[in-house]
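The residues making up each chain are set out below.
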Amino acid sequence: METTGLDPRTHEVIEVGVILALYDDAGIGEVIDVYSALRQPDKPISTKITQITGITNAMVAGHRIDAEALASFLSRADLIVAHNAAFDRPFVERLCPNLGARAWACSSQEVDWQGLGFEGSKLSHLVGQCGWFHDGHRASVDCAALLRVLDTRLPKTDETPFHYLLRSARQARSRIYAQASPFSAKDRLKARGYRWNDGNDGRPRSWWINVPDAKLESEIRFLQDEIYCYEVEPPVVRLTAWERYRIE
C-alpha cells in the first residue's frame, strides 16, 4: 500500500496491491488472484511522496479505488498479511469501512528475522539477502517480493518464514498499558520494548507493550517491582489476529 503520509486520520491511500494465495500448514501454495489499483487523493501528492513511491499526480489522475470491490476481495482471505500491519490495517479499514473484522498478521514484527539469520526486517534487505532485487515502493511489486521471501526455504530449519508467521498469528497476546508510570521510568520502559501512545487514537495515553500470554504475569511483576514499586493492576487487553493492528 502507498499513501500520502503516515497518519490514516489525515493522509490518503494512493495505491493498493493485494495478492491472494492459497496456504496451509505446509506453506504457501499457488497465487489465485491479484488486485491492484491507483487512487487520486483529495490533495495533490507531495514531491517527497513521489520521490519515495514513484507515484505522480499524473499517474493517479482520474483513478479511484472501488472500496466495495476491495473489501470483497479481502474478505476472501482467511489471513491478511502486511509487512507493516500497524500501518496498513488502519488505512485499509478507513478506506473500506464495510470490510468487517478480519484476521491480520505482520510479517515485519511477527517473524524473528534476525534469529533466522537476516540482518533486519526491512523488505528491501530481506529481498537482497535472499539473492534477489526488486524495484520497491510500488504496492503490487512489494506484495510479490514479500510473498517470495515468506516462501523461501531456510537451510538451517528446513522451514519458511511463513511457517513462523503463521504460528505467531495463531497465538493470542496481551497488551499491557503502563498508565501513569513515573516519567523517570520512560527510558527503562523504552529499552524493554514499550512504545508510547499519545492517546489521539482512542487508546490510553501511556507506554504499552504486547507480550505472549505466557509472559503476562512476569511482565506485570516487572512493572510492580521495578516501575511503580507497589502493587498495581495495569490495564490489559487480550489480542488475537482479529484485534491486532486494528483501528481503535
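Predicted model only: the values in this text are computed from it and were never measured.

> I'm lost on the overall build of the protein chain in this one. Help?
For the protein chain, the helix and strand inventory stands at nine helices and nine strands. Computed over C-alpha atoms, the radius of gyration of the protein chain comes to 20 Å, within 12% of the 18 Å expected from 2.2 N^0.38 for 248 residues, which places it in the range of a compact globule. Along the three orthogonal principal directions, the C-alpha set of the protein chain runs to about 60 × 45 × 30 Å. With 248 residues in all, the protein chain has 45% of them scored as buried. Surface summary for the protein chain: the accessible area is close to 13600 Å², and the carbon and sulfur share equals 49%. When the 30 basic and 34 acidic side-chain charges of the protein chain are each reduced to a single mean position, those positions are 3 Å apart.

> Explanation requested: helix H6 (residues 139-150) in the structure shown.
Three- or four-residue spacings in an α-helix give side chains the same orientation, since the helix completes a turn every 3.6 residues. With 12 residues, H6 extends 16 Å between its outermost C-alpha atoms, agreeing within 8% with the 16 Å of an ideal straight helix rising 1.5 Å per residue. The complete set of buried residues in H6 reads Ala-139, Asp-142, Ala-145, Leu-146, Val-149 and Leu-150. For H6, the arc enclosing every buried residue in end-on projection is 130°, short of the 170-degree limit, so these residues lie on one face. Against the buried residues of H6 lie strand S1 (2-3), strand S2 (13-24), strand S3 (27-38), strand S4 (80-82), helix H5 (123-129) and helix H7 (161-169).

> What should I look at first to understand the sheet that holds S1 in this one?
Adjacent strands of a sheet pair through backbone hydrogen bonds, lying either parallel or antiparallel. One open sheet accounts for three strands, arranged S1-S2-S3; its pairing is antiparallel. Both outer strands of the open sheet, S1 and S3, are each paired with one neighbouring strand and no more. Direction of pairing for S2 relative to S3: antiparallel, over a ladder of nine bridges. Residue Asp-24 lies in a different strand from S3, and its bridge partner there is Gly-27. Where helix H3 (residues 67-74) meets the sheet, it contacts S2 and S3, and its direction lies at approximately 20° from that of S2.

> Help me understand the sheet that holds strand S9 (residues 236-239), please; the structure alone is not making it clear to me.
In spatial order, the strands read S7-S8-S6-S9; together these four strands make up an open sheet with antiparallel pairing. Taken across any chain shown, the strands that pair with only one partner, and hence form the sheet edges, are strand S7 (195-197) and S9. Direction aside, the axes of adjacent strands within the sheet are offset by 30° on average. Strand direction decides the pairing type here: strand S6 (residues 173-178) and strand S8 (residues 206-212), joined by six bridges, are antiparallel. Across the sheet, residue Arg-173 finds its bridge partner in S8, namely Pro-212. On the sheet, helix H9 (residues 216-228) packs against S6, S8 and S9 and is oriented at approximately 10° with respect to S6.

Rules used throughout
- Sequence order as written defines residue numbering, which begins from 1 separately in each chain.
- With pLDDT at 70 or above as the cut-off, local features in this predicted model cover only qualifying residues; side-chain atom pairs require 80 or more to be listed or tallied, and sums for whole chains, interfaces and linings still use all residues.
- Computation of side-chain values covers all heavy atoms of the structure but excludes hydrogens and water.
- Note on conventions: DSSP H or I runs of at least 4 residues are helices, E runs of at least 2 residues are strands, and numbering of each starts at the N terminus.
- For the radius of gyration, the atoms used are the C-alpha atoms, and the globule rule reads 2.2 Å times the number of residues raised to 0.38.
- The classification of residues rests on relative accessible area computed with a 1.4 Å probe and restricted to protein chains. Under 20% of the type maximum is buried, over 50% is exposed, and intermediate values are partly exposed.
- Values of accessible area rely on a 1.4 Å probe in the Shrake-Rupley scheme; residue burial ignores everything except the protein chains shown.
- Counting rule applied: Lys, Arg positive; Asp, Glu negative; His and chain ends not counted.
- To locate a charge, take NZ of a lysine, CZ of an arginine, CG of an aspartate or CD of a glutamate.
- Every helix has an expected span of 1.5 Å times one less than the residues it contains.
- Directions pointing from the helix axis toward each C-beta atom define the arc.
- Every residue pair with non-hydrogen atoms within 4.5 Å of one another is taken to be in contact.
- Being paired, for any two strands, means DSSP has found at least two bridges between them.
- Think of each axis as a best-fit line through the C-alpha atoms, taken over the contacting stretch in the case of a helix, with angles from 0 to 180 degrees between the N-to-C directions.

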